[in-house]
Each structure stands twice: as structure tokens, then as C-alpha cells.
Amino acid sequence: MIVLSEEDVMLKDMANGWTADRAPVPALRALRGQLADTGFDPALYAEMAEMGWPAILIPEEFGGVGMNRVSLGLIAEELGRNLVGSPLVWSAAGAVSALTLGTNQAAKEALLPQIANGSLAAALAIDDENHHRPHTISTTAQKYESGWVLSGAKRAVPDATGVGLLVIAAQLEDTSPALFSCPVDTAGVTLTSLDRIDSRGAADIVLDNVSLGPDALLGQGQDYLDTVLDSVRAILAAEMLGGTAQAFETTVEYMKTRIQFDQPIGSFQALQHRAADMLGEIVLARAAVYGALQAIDAGDADASRQVSLAKAIAGDCFRTMAREMIQIHGGIGMTDEHDAGLYLKRAHVLDHTLGNAAFHRERYARMLDI
Amino acid sequence: MALDEQQFRQQAQDWLTENFPPSLRGGRFIMPHTQEEGSSPSADYLLWKQRMAAKGWSVPTWPSEYGGGGLSIRQAEILAEEMTRAGAFNPIGGLGIMMLGPTLLEYGNDEQKARHIPPIVRGEVEWCQGFSEPGAGSDLAALRTRCEDKGDHFLINGQKIWTSFAHVSDWCFCLVRTDTSVKQAGISFLLIDMKTPGVEARPIELINGVSHFCETFFTDVKVPKENLVGRVNQGWEIAKRLLQHERSGLSSQRNVANVEQGLPHLAREYVGTDDAGRIADADLRTRIVQHMMRQEAYGLALKHRNAEIEAGQDGTAPMSSLKNLGAGVAQELNELAVEILGHAGTGNRGPGFSNTELELTSGWLYSKCFSIYGGSHEIQNNILAKRELGLPGA
């Protein structure tokens, strides 16, 4: 395993400083209620683009930075700390992986530079129903001479509201899965924004005989789809790690300042030991997340197993920590005014994004033929 | 860097091919005193021990000046990987290697290092740890074994407990009280030859029938002054350092398993599989998978820490967390193993139970001490609360 380079540490510190300054949790609160319409704050996303974040995984020949997953993961971790609402993960990891791992040169040349400079944000539409089942996609893609026609419905597409590009999973006639690029304003595409507990701009999408050009196909095959999804899952795991770390630190700080029975509640051993055990869980989650990011970067043969390990462990860890955050804060943790609830809600949604912990445990088990 | 690693990997492979006796493949370290009475290690085992000792690879990262391997942590990791691949193992172990050696390298004087380290490297001298006392377990600094300065020697009186292998050890590293007016600041670190008159060790039988933990009594034991490590009353500082080595040693030992083997293999044999080839008991299967994931993540955490130390950074993961996680994962492994065995996991001794079954059952019982020794789970949590999290005292 590689340790973080000086460059990585600088990047992480910069992301930490920026989110604390420009996109702290109150920024998410300010967007609440409007997020279903505007999706995210375009000004904030433009600032991220200026710092080169959407371009991290994009090769230099397409206007990108050509850095690795660890770098993007570190940024996601910092965004996760402050629950920053943005289409960064789906653009920089989702759409970019769909393009770079695919075979469509024209689409790479047309789209990657726009994603790199932040002018085009993207969402990844995978699930057709309430559970993540990427090997049984019901949305179909029919091939015609003039191009493709997509039909189906996509459920709870994360951060889709406000983006310009959809990357859509559909089943080809030979039943293999494929990813298509589809401008959001294409005829037949209907987005309905959802008001979800995490206040982010998810949307249901109906695809009613959507006609796309012959160049819309980005790549196909189960391995291709799995690799693209793993690229995003690893980044989501990093985001969950960041959320967990912040929830933990906030809780430990509260334990030092909240006075009951004339002493800080953090002096009570029952609470100290829960915090100490939780610290251990975060040690495991961090090891799994960094391990997965590095495994992808290194092209390890077992990278997808590492990703499932990370997504499952980080998912369980974030949910547990968010529950503990509320319990240890007591009544104040149940109020909307306090941030604890925001972390619990985000933990729940992120766990269910691209496969929850149970999904990834099962996937891990099958990879080991258990 | 990567090229150097590759070169070293090749060297290690070549050396193992030439030197590791194939008859020992898949074998493991035998504590010199845990063998059945009357049996002795095979000639190949002794040969392997002698070759590893000569190479210094029994302690790959210790300085070659004292007979160690002089390798970097990364090289030692590669060596361990190659040894696993070759079915090889380190034939030399024990507390001298895990705890005293690293402590002595840091706090011992030149004479002490030259005298004690090389025999540890060669596996010639067995050490035991005289820390806990009947009244000083988790509250270790409450220890009362007295050490009086008699001018040309120290005089020791008192009792230790849970001294592993004291009855068969050659030497003991011991915490003794040199000042009764203060607690931590009145403790010194002493090396005691177990053959000295007045030292007596009595084994205590544990729940799994083994008895390598002892009560050790010191009655008017004379210890030469040259056996004091560090200064008088510096013992607590040295002990804390040694306990870090213990935690680190205990956690790295736990990085046992190749994730593809072990429990699933056992479950297929004792529980069977369904038509799809999955372990037949769905609930058990889930818990096995959950355990394996924790184990793999824990292994990554250890690797991550080693890489950080290697790069000259402080480890991000606290040692106390790793000790608790390692103990927890290992206990979980043992729980699952006996669950998988069913009735076969209830045996005290044969007939009716295979040796493997008896070992797993005994191992499960013994595993209960993982969260007690080396500082209990609760003591580690106290340390974490205070030092890592900065939480106030009660």
C-alpha cells in the first residue's frame, strides 16, 4: 500500500480549506428546498472546476489533469465532511470513467474537455427500480440505422437535477448492458426532481422513445459497466469516509463541552469507550477505502473486490457513526437545527447509492466463491 | 524503488528455494517448550532455524550489527509474502523477539545489547515478561514487587502473575518498585536470570487445559546492577514503549489468513453447500463473509501503517485501535470456527474428535484471552479516550 504523497496531502488540505470556507454545512442548508429545482449551486461547481477537480481523471490530451483515483477520493472525502451538494462525483468519476473506459473516440473528444472545464456536469442513470441491480437492466436500447432509441424509466438518479448530460445504462438486444450519452434536453427525456431526505437534487427520469445518434453508445458489456460503477463506488466510499470522520469529530467535541452532573459527558467511561470503539471502525473504513482507490489506480486484478469491501465497510461505518452522533448528542441531535440529522440522512442515501452494504457483501462473497 | 523491490523479491525467492527444507512446507513456528514431552524438533526444523538465524531473517528489520537482517519494513513485508508463498514460516519467535529486543535496542546500553540481542536473534534464549501482579493487572503501575539497592546488587522480593512460559524461560524482563512514595515514577526495568536462587515459577491451568501462564515468586533474589535497563525509576517509560511493541506484535501476528482459505473451506466441509455452490447455511455464510471483510480491512490497516512508518511518517491508525481490532477479528474467527464444527467443536480430547477439531476447540477457548492480555480491550479504550481523543478524566 502506498502512503499519501506530498502532492496528495496538499490537495487534501486545499480541499479541506475550500469546503470549510466556501461550502460548509450551512451552504447545504441554504440550498434546502431549492435543491429540487436548481440541483446544486453552479457558482460553487464553477469554483471546483477552476481548481481542476472535475478534470482529475481526464487525460491531458482531453484537457484534463491526468491524476489518479486516490487524488479524487481525497477531494470526495473532504466534500463528504461538509456534505457538499454537487455533481462532482458523477461527472468526474462516473461520466469520465464511462468515456475513458469506453471505445467511443468521438464522444471522448467532444465531451471530456467540457467536463474538464466544468461547463458540462453529468449524472449517471443506472437503477430502474428501488434496488441496485445492475445486471438486470430493464431500460432498453434498440438499434436503428439512424442511431439508437432508448425506452424505460430510471429511479432516483443522484444529483441529476441541473446537469447537462445523462449517462444512461440500457440493455442491448443481445441482453448485454451498455452506457449511452444523452443530453438532458433530448426529446422524450422527462426529469422529475425528488425531494429526498439528504436534500440533494436526485430525479426520476422517464425515457419515452428517446432517439439518440449512432455515436451515443459509449461502451458495452458487463465488465465495462462494472468497472465504470466501481470507479464511482470507490469515490462514494471516500465521501462516506469523510462524512463519518466529521460526524465522529463533531461528536467527540460535543462530549468535551456538554456538561451534565457538573462534568463534561466525555469524562464518562461508557461514552469514552463507545468513542474509542468507533475510532477503530474508522481505522478499518479508511484502510478499506484507500486500499480500493489504490487498487483501481494500480490496476489490481482484485480491484472490484476491494471496491465492494470499501463500499460495504464505509457504508456500515457511516450509518453506525450517524446513529451514534444522534444518540450521544441526545435531544439536540434530534432537532432539525443540529447537523446530526443531516449526516444520518446522507449516510442512508449514500449507502443505497450503487449498492448498499448487503449488496456489496454478497458481491464480495461471490467473487470468492463462498 | 519498484525495481529494487522486484530485485529483493527475487533474492528472497532464490534464498528460500535454496534454504527452506521442503519437508517443513505448511509447518509453523514451534515454541521450544510447547512440544509434547519427550519429542524434539525435527532435524530439518533445526536446520531451518540455524539458517534463518545465520541470515538474520528471524528478525528481518533489526540492525545487522547485532545479527539482525538489516532490512527495511517494506523488504520485510516482501520477505513475509514470499515466505507465505513458499509455505515457509519463521522458526524463531517468542517474547525476546516481539518485545524485549526492540526495547533493548532503544534503551539498553552497548554491553546489554551485545550480550542479549544476538542470542535472541538465534532463538537460543527464551524470555518471559514479569509485569502483572495479583494486585496490578489493568492497573499495572500499582505493582509492588520490591527492589532494594544493596550497594553491589539489587534485592528483589515479590510476586508476578500471568508470566507466560516463566517455568521454562531462561530470563525475565521485569518491572520492580524502586520508590514507594510515587506510583509510575517509582518503577524500574530489570533483567533477571531465572536460574537465580529464590526464583520460583508455578504454571496455572487455563480453561483450555494448557498451562503456560505462571505465578512467579521472587524471594530474596540477588540481581547484579548491570541488569538494570535505563536509569533507576525510568521503568514506566520503558515499559510503555515495550507495551507498544507488544500491541504491535500482537496485532501483526493476527494478520494470518489468506482470505481465500480458512473458514469457507471449513464450512464447505462441515456444513456443506447448496445447489449454487454457496455455504448451505445462509445466516452463517453472511457472518463468515462479514468476518472475512473485517479481516481483510484489518490487514490493509496494518499494511497501511507499515507503509507510513517506512516512509518516516507517524502511523495514522493508533496502536491501541489496531490491538483491539486484531483481537476482535481473531476472536470472531475462532467463534465462527467452532460454530462451523458443530458437535465436532465440543471435544476436550479424543477419541471421537480429530486433532484439528480439538485444536480449533482449544484455540477458541484460548482466544478469549486476546482481549485481556497485552492491556485489555477496556484499557486500550481508556488509552484511546485520553491520548487520541483528548477526552477529560472522570
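How each quantity is defined
- Starting from 1, residues in each chain are numbered consecutively following that chain's sequence as written.
- The order in which chains are written sets their letters, starting at A; the order in which ligands are written sets their numbers, starting at 1.
- For a predicted model such as this one, the threshold for reporting local features is a pLDDT of at least 70, and the threshold for listing and counting side-chain atom pairs is 80 or more; totals across whole chains, interfaces and linings nevertheless cover every residue.
- To get the side-chain values, all heavy atoms of the structure are used, and hydrogens and water are removed first.
- In this text, helices come from DSSP runs of H or I with a minimum length of four residues, and strands from runs of E with a minimum of two, each type numbered from the N-terminal end.
- Computation of the radius of gyration draws on C-alpha atoms alone. For the globule rule, the value is 2.2 Å times the number of residues to the power 0.38.
- Working definition: with a 1.4 Å probe on protein chains only, accessible area under 20% of the residue-type maximum means buried, over 50% means exposed, and in between means partly exposed.
- Here, two residues are considered to be in contact whenever any of their heavy atoms come within 4.5 Å of each other.
- Computed by Shrake-Rupley with a 1.4 Å probe, the accessible areas treat only the displayed protein chains as cover when residues are assessed.
- Charged residues are defined here as Lys and Arg on the positive side and Asp and Glu on the negative side; His and the ends of the chain fall outside this count.
- We put the charge of a Lys on NZ, of an Arg on CZ, of an Asp on CG and of a Glu on CD.
- Among the buried residues, those of types Ala, Val, Leu, Ile, Met, Phe, Trp, Tyr and Cys that are joined through side-chain atoms within 4.5 Å form a nonpolar core.
- As used in this structure description, the phrase polar contact means that two N or O atoms lie within 3.5 Å; if the pair is within protein, one of them must be able to donate a hydrogen and the other to accept it, and residues adjacent in sequence are counted only when both atoms belong to side chains.
- To define axes, lines are fitted to C-alpha atoms, for helices over the stretch in contact only, and angles between the resulting N-to-C directions are given on a 0 to 180 degree scale.
- Here is the rule for angles: anything less than 35 degrees is roughly parallel, anything more than 145 is roughly antiparallel, 65 through 115 is roughly perpendicular, and the remaining ranges are oblique.
- Should the near helix be turned counterclockwise from the far one by less than a right angle, the crossing is left-handed, whereas a clockwise turn marks it as right-handed.
- Put simply, Ala, Val, Leu, Ile, Met, Phe, Trp, Tyr, Cys and Pro go in the nonpolar bin, Asp, Glu, Lys and Arg in the charged bin, and everything else, Gly too, in the polar bin.
- The quantity reported as buried area is the accessible area (1.4 Å probe) lost by two parts once they are put together, taken as the sum for both.
- Salt bridges are defined by distance alone: a side-chain nitrogen of Lys or Arg within 4 Å of a carboxyl oxygen of Asp or Glu.
- Only centres within 6.5 Å qualify two rings of Phe, Tyr or Trp (six-membered ring in Trp) as a pair; their planes then separate them into stacked at under 30 degrees, edge-to-face at over 60, and tilted for everything else.
- Criterion for a charge above a ring: Arg CZ or Lys NZ at most 6 Å from the ring centre, at most 35 degrees from the ring normal.

Trainee: Help me understand the overall build of chain B, please; the structure alone is not making it clear to me.
Mentor: Looking only at helices and strands, chain B has 11 helices and eight strands in total. Taking 394 residues into account, the globule formula puts the C-alpha radius of gyration at 21 Å, and chain B, at 22 Å, falls close to it. The dimensions of chain B, computed from C-alpha atoms along their principal axes, are 75 × 50 × 45 Å. Every one of the 394 residues in chain B was classed for burial, and the buried ones make up 49%. Within chain B, counting contacts between residues at least 6 apart in sequence, those at least 24 apart form 69% of the total. For chain B, the exposed area adds up to about 18,700 Å²; of that, 49% sits on carbon and sulfur atoms. With 38 positive and 48 negative side-chain charges, chain B shows a separation of 4 Å between the mean positions of the two kinds.

Trainee: Explain the nonpolar core here, please?
Mentor: General note: in soluble globular proteins, nonpolar side chains tend to be found buried as a group. Counting 158 residues, the largest nonpolar core has A:Trp53, A:Leu150, A:Leu179, A:Phe180, A:Phe248, A:Val289 and B:Ile288 as the members making the most contacts within it. The element that contributes the greatest number of residues to this core is helix α8 (residues 222-257) of chain A, accounting for 17 residues. Excluding anything up to four places from it in sequence, A:Val289 contacts A:Ala237, A:Ala238, A:Leu241, A:Ala310 and A:Ala314. In this structure, B:Val59, B:Tyr107, B:Ile117 and B:Leu242 belong to the second largest nonpolar core, which totals 33 residues.

Trainee: I keep staring at the side chain of B:Glu133 and nothing clicks. Help me out?
Mentor: Residues and elements named next belong to chain B. Inspection of the secondary structure assignment puts Glu-133 in the loop between β1 (127-130) and β2 (146-149). With a relative accessible area of 7%, Glu-133 lands in the buried category. From its side chain, Glu-133 meets the backbone nitrogen of Arg-144 in a polar contact 2.7 Å long. When residues no more than four places from it in sequence are discounted, the contact partners of Glu-133 are Leu-143, Arg-144, Thr-145, Gln-159, Lys-160, Ile-161 and Leu-175.

Trainee: Please clarify how the packing of α8(A) against helix α12 (residues 357-367) of chain A should be interpreted in this entry.
Mentor: Residues and elements named next belong to chain A. Where α8 meets α12, the axes come as close as 14 Å, and the angle between the chain directions of the two elements is 130°. Classed by the angle they form, the pair α8 and α12 counts as oblique. Of the two elements, α8 crosses α12, and the hand of that crossing is left-handed. Together, Asp-226, Asp-230 and Arg-233 of α8 and Phe-359, His-360 and Arg-363 of α12 make up the contact between the two elements. Looking at the contact of α8 with α12 residue by residue, the classes come out as one nonpolar, one polar and four charged.

Trainee: Can you walk me through the interface of chain B and chain A in this structure?
Mentor: A common way to express how large an interface is: the accessible area buried when the components associate. Tallying the contact residues gives 43 residues for chain B and 41 residues for chain A. For the pair chain B and chain A, the summed buried area comes to about 3,500 Å², and 66% of that belongs to carbon and sulfur atoms. Among the residues of chain B in contact with chain A, B:Met293, B:His304 and B:Leu389 are the three that bury the most area, contributing 19% of the side total. At the boundary of chain B and chain A, one finds three salt bridges. When the shortest N-O distance is used, the salt bridge between A:Glu362 and B:Arg285 registers 2.9 Å. Applying the counting rule to chain B against chain A returns 14 residue pairs in polar contact (both at pLDDT 80 or more). Broken down by secondary-structure element, the contributors of at least two residues to the side of chain B that touches chain A are α7 (263-270), α8 (282-310), α9 (319-341) and α11 (377-388) of chain B. The residue inventory of the side of chain B that touches chain A, partitioned by class, reads 22 nonpolar, 11 polar and 10 charged.

Trainee: Which parts of the structure should I look at to understand the packing of aromatic side chains?
Mentor: How two aromatic rings sit relative to each other is given by the distance of their centres and the angle of their planes. Under the criterion given, the structure shown has 19 aromatic pairs over all chains. Ring centres 5.8 Å apart and planes at 40° place the aromatic pair B:Trp15 and B:Trp48 in the tilted group. With B:Trp15 in helix α1 (residues 2-19) and B:Trp48 in helix α2 (residues 43-55), the pair connects residues that are 33 residues apart, well separated along the chain. Each member of the pair, B:Trp15 together with B:Trp48, is buried. Taken together, a centroid distance of 6.0 Å and an interplanar angle of 90° make the contact between B:Phe131 and B:Phe173 edge-to-face. In this pair, B:Phe131 sits in the loop between β1 and β2 while B:Phe173 sits in strand β4 (residues 171-177), placing the two residues 42 residues apart along the sequence. Given the relative accessible area of 4%, B:Phe131 is considered buried. Aromatic ring contacts, followed pair by pair, group B:Phe8, B:Trp15, B:Phe20, B:Tyr45, B:Trp48, B:Trp57 and B:Phe89 into a single cluster. Just above the ring of A:Trp148 sits the side chain of A:Lys143; from NZ or CZ to the centre is 5.0 Å. Lying over the aromatic face of B:Trp57, B:Lys55 brings its terminal NZ or CZ to 4.9 Å of the ring centre.

Trainee: Looking at this model, I keep getting lost on the side chain of A:Thr186. Mind explaining?
Mentor: Residue and element names in this part refer to chain A. Within the secondary structure, Thr-186 is located in the loop between β5 (177-183) and β6 (189-193). Overall, the relative accessible area of 17% leaves Thr-186 in the buried class. Side-chain polar atoms of Thr-186 contact the backbone oxygen of Pro-183, separated by 2.6 Å. Non-local contacts of Thr-186, meaning those with residues more than four positions away in its chain, are made with Val-210, Ser-211 and Leu-212.

Trainee: How should I be thinking about the packing of α7(B) against α8(B) in this particular structure?
Mentor: Between two packed helices, what matters for the description is the angle formed by their axes and the separation of those axes. All names here are of chain B. Where α7 contacts α8, the axes come no closer than 10 Å and their chain directions differ by 165°. It follows that α7 is roughly antiparallel to α8 by the angle criterion. The crossing of α7 and α8 is right-handed. Across from Leu-263, Pro-264 and Ala-267 in α7, the residues of α8 making contact are Ile-288, His-291 and Met-292. Classifying every residue of the contact of α7 with α8 by side-chain character gives five nonpolar, one polar and no charged.

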